[in-house]
Every structure is written in C-alpha cells, then in structure tokens.
Amino acid sequence: MKNQQMSIRIPKDLKDKFHAICQEEYINPSALIRGWIEDFIMAKRSDLTIK
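Residues numbered from 1 in each chain as written. Predicted model: local features only at pLDDT ≥ 70, side-chain atom pairs only at ≥ 80, totals over all residues. Heavy atoms only, no water.

Chemist: Explain unusual backbone geometry here, please?
Modeler: Most peptide bonds are trans, and most residues other than glycine sit at a negative phi. The phi angle at Tyr26 is positive, at roughly 55°, despite the residue not being glycine. Mapped onto the elements of the fold, Tyr26 is located in the loop between helix 1 (12-24) and helix 2 (29-44). (Helix = DSSP H or I, 4+ residues; strand = E, 2+ residues; numbered from the N terminus.)

Chemist: What am I meant to see in the pattern of salt bridges here?
Modeler: Opposite charge on two side chains allows them to pair when their charged atoms are near. What the rule picks out here adds up to two salt bridges. Put simply, Asp16 and Lys12 hold a salt bridge, and the shortest N to O gap is 2.6 Å. Taken together, the residues Asp16 and Lys12, both in helix 1 and four residues apart, mark about one turn of the helix. Taking relative accessible area as the criterion, Lys12 reaches 61% and is therefore assigned exposed. Two residues, Lys17 and Asp13, come together in a salt bridge whose shortest N-O distance is 3.0 Å. On the criterion of helical spacing, the pair formed by Lys17 and Asp13 is a turn pair, its members being four residues apart in helix 1. (Salt bridge = Lys/Arg side-chain N within 4 Å of Asp/Glu carboxyl O. Buried < 20%, exposed > 50% of the residue type's maximum accessible area, 1.4 Å probe, protein only.)

Chemist: Please explain the packing of helix 1 against helix 2 as it appears in this structure.
Modeler: Packed helices, taken two at a time, are described by their axes: the angle between them and the distance between them. Interaxial distance between helix 1 and helix 2 falls to 10 Å at its minimum, and their mutual angle equals 105°. Regarding the angle of helix 1 to helix 2, the classification is roughly perpendicular. For the pair formed by helix 1 and helix 2, the contact residues are Phe18, His19 and Cys22 on the first element and Pro29, Leu32, Ile33 and Trp36 on the second. Class assignment of the residues belonging to the contact of helix 1 with helix 2 gives a composition of six nonpolar, one polar and no charged. (Axes fitted to C-alpha atoms, helices over the stretch in contact; angles between N-to-C directions. Parallel < 35°, antiparallel > 145°, perpendicular 65-115°, else oblique. Contact = heavy atoms within 4.5 Å. Nonpolar A, V, L, I, M, F, W, Y, C, P; charged D, E, K, R; others polar.)

Structure, rendered in structure tokens:
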C-alpha cells in the first residue's frame, strides 16, 4: 500500500497543544490521527475493511 499525505487546516495554537500532549505522552501524532480515521470509517461503514 502506498502512503498518501492529507493536509488539514487548524489554528496554530490547537496544533501546538496537540503536539505537546502527544510528546508528553510519547504518542505518534500521525498514528493517532490514522487510528481516529480508521475508527470513523468502521463506525460509518461496518461493511468495509481497513488494510
């Protein structure tokens, strides 16, 4: 599977707070967001599988 980038716009303050919390808790921000997207897809489309 080839990875793709997705750009979003959020306020700088929100981004900074998010990254600070991820750093404090040793969480990979990208992996966390990917997980949220996967959870969203599964909740909306239970017939789909994520590879």
